[in-house]
Amino acid sequence: MAVNSINTLGTTAAVTQTTGTTPKTSLNMDDFLKLMVAQLQNQDMNNTADTSEYTSQMAQFSMVQALTDLTELSKTTYGLSMIGKEVTLAETKSDGTLNVITGTVEGVNLYNGDAQIIVNGVNYPMSSVMEVGQAK
């Protein structure tokens, strides 16, 4: 793994894994287990690690992962519940002006873990929704 950047105070570092595609900006359970094994392999035999601390860290990491998965699922469910509803969307144009679009949600694309609604045949991110109402 390579360190991508360190802030000016030196307190945090963004860790990325280079795979030849896009950089990975978050750690998953596999990364955590690799780090734990590396720590265990390189520990000082006179000052061994406390295994209860590892168990606690794994439980915390599992909880964060479960919350992340739940958040993604709720975004998907919310997107699907909008099918057939009338929405008002905000789209920022390249010149900085705001374009307001109103239409009925025709469908939802679930691409790359991100729900995008389809209005008038165009995909829009969920973050562009300003208003949701019943279709006329």
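What you are looking at is a predicted structure, and each value in this text was computed from that prediction instead of being measured.

Would you explain the overall build of the protein chain in this entry?
In terms of regular secondary structure, the protein chain is built from two helices and seven strands. Beginning at the N terminus, the succession of helices and strands in the protein chain can be written as β-β-α-α-β-β-β-β-β. Counting all 136 residues of the protein chain, 18% fall into the buried class. Residue pairs at least 24 apart in sequence account for 36% of intrachain contacts in the protein chain once pairs closer than 6 positions are excluded.

Help me understand the confidence of the model for the protein chain in this model?
In low-pLDDT regions, the fine details of the predicted coordinates are not to be read closely. Across the protein chain, the average pLDDT comes to 77, with 80% of residues at 70 or higher. In the model, residues 3-19 has pLDDT below 50 throughout and makes 23 contacts with residues more than four positions away in sequence or in other chains.

Just checking my understanding: could you explain a nonpolar patch on the surface for this structure?
On the surface, a nonpolar cluster with roughly 420 Å² of combined accessible area is contributed by M63, L67, L70 and L73. Position of L70 among the secondary structure elements: in helix α2 (residues 51-81).

Would you explain helix α1 (residues 29-41) in this entry?
Three- or four-residue spacings in an α-helix give side chains the same orientation, since the helix completes a turn every 3.6 residues. Here α1 is 13 residues long and its end C-alpha atoms lie 18 Å apart, about the 18 Å a rise of 1.5 Å per residue gives. For α1, the full list of buried residues reads D31, F32 and M36. Taken end-on, α1 shows its buried residues confined to a sector of 135°, consistent with a single buried face. Summarising the contacts, the buried residues of α1 are in contact with α2.

What should I look at first to understand the sheet that holds strand β5 (residues 114-119) in this one?
Strand pairing in a sheet takes place through backbone hydrogen bonds and is either antiparallel or parallel in direction. An order of β6-β5-β4-β3-β7 is seen for the five strands of this open sheet, with the pairing classed as antiparallel. Lying at the two open borders of the sheet, with one neighbouring strand each, are β6 (122-125) and β7 (129-133). Each strand of the sheet is rotated relative to its neighbour by a mean of 45°, with strand direction disregarded. Pairing of β5 with β6 involves four bridges; the strand directions are antiparallel. By the bridge assignment for β6, Q116 is matched with P125. Running at roughly 115° to strand β4 (residues 98-111), α2 makes contact with β4, β5 and β7 of the sheet.

So what exactly am I meant to see when it comes to unusual backbone geometry here?
Glycine aside, residues mostly have negative phi angles, and peptide bonds mostly take the trans form. Phi angles above zero are rare outside glycine, and N120 is one such case at about 55°. For N120, the location among the structural elements is in the loop between β5 and β6.

Please clarify how the nonpolar core should be interpreted in this entry.
Soluble globular proteins: nonpolar side chains tend toward being buried together. Membership of the largest hydrophobic core is limited to 12 residues, which are M82, V87, L89, I101, V105, V108, A115, I117, V119, Y124, M126 and V129. At the level of elements, β3 (86-92), β4 and β5 are the ones that each hand at least two residues to this core. Excluding anything up to four places from it in sequence, V87 contacts M82, I101, T102, G103, V105, I117, V119, E131 and V132.

Before we go on, may I ask you to explain the pattern of salt bridges in this structure?
Two side chains that carry opposite charge are able to pair once their charged atoms sit near each other. Throughout the structure, instances matching the rule amount to two salt bridges. The closest approach of N and O atoms between D30 and K34, which form a salt bridge, is 3.5 Å. Here the residue D30 and the residue K34 both occupy positions in helix α1, the gap between them amounting to four residues, near one helical turn.

What exactly am I supposed to notice about the side chain of T88 here?
Tracing the backbone through its elements, the reader meets T88 in strand β3. When residues no more than four places from it in sequence are discounted, the contact partners of T88 are V100, I101, T102, S128, V129, M130 and E131.

Parameters and conventions
Residues numbered from 1 in each chain as written. Predicted model: local features only at pLDDT ≥ 70, side-chain atom pairs only at ≥ 80, totals over all residues. Heavy atoms only, no water. Helix = DSSP H or I, 4+ residues; strand = E, 2+ residues; numbered from the N terminus. Buried < 20%, exposed > 50% of the residue type's maximum accessible area, 1.4 Å probe, protein only. Contact = heavy atoms within 4.5 Å. pLDDT = per-residue confidence, 0-100. Patch = residues over 30% accessible without salt bridge, like charges linked within 9 Å, V, L, I, M, F, W, Y side chains within 5 Å. Areas by Shrake-Rupley, 256 points an atom, 1.4 Å probe, with all protein chains shown as cover. Salt bridge = Lys/Arg side-chain N within 4 Å of Asp/Glu carboxyl O. Expected span 1.5 Å × (residues − 1). Arc of directions from axis to C-beta. Pairing = 2+ DSSP bridges. Axes fitted to C-alpha atoms, helices over the stretch in contact; angles between N-to-C directions. Core = buried A, V, L, I, M, F, W, Y, C linked by side-chain atoms within 4.5 Å.

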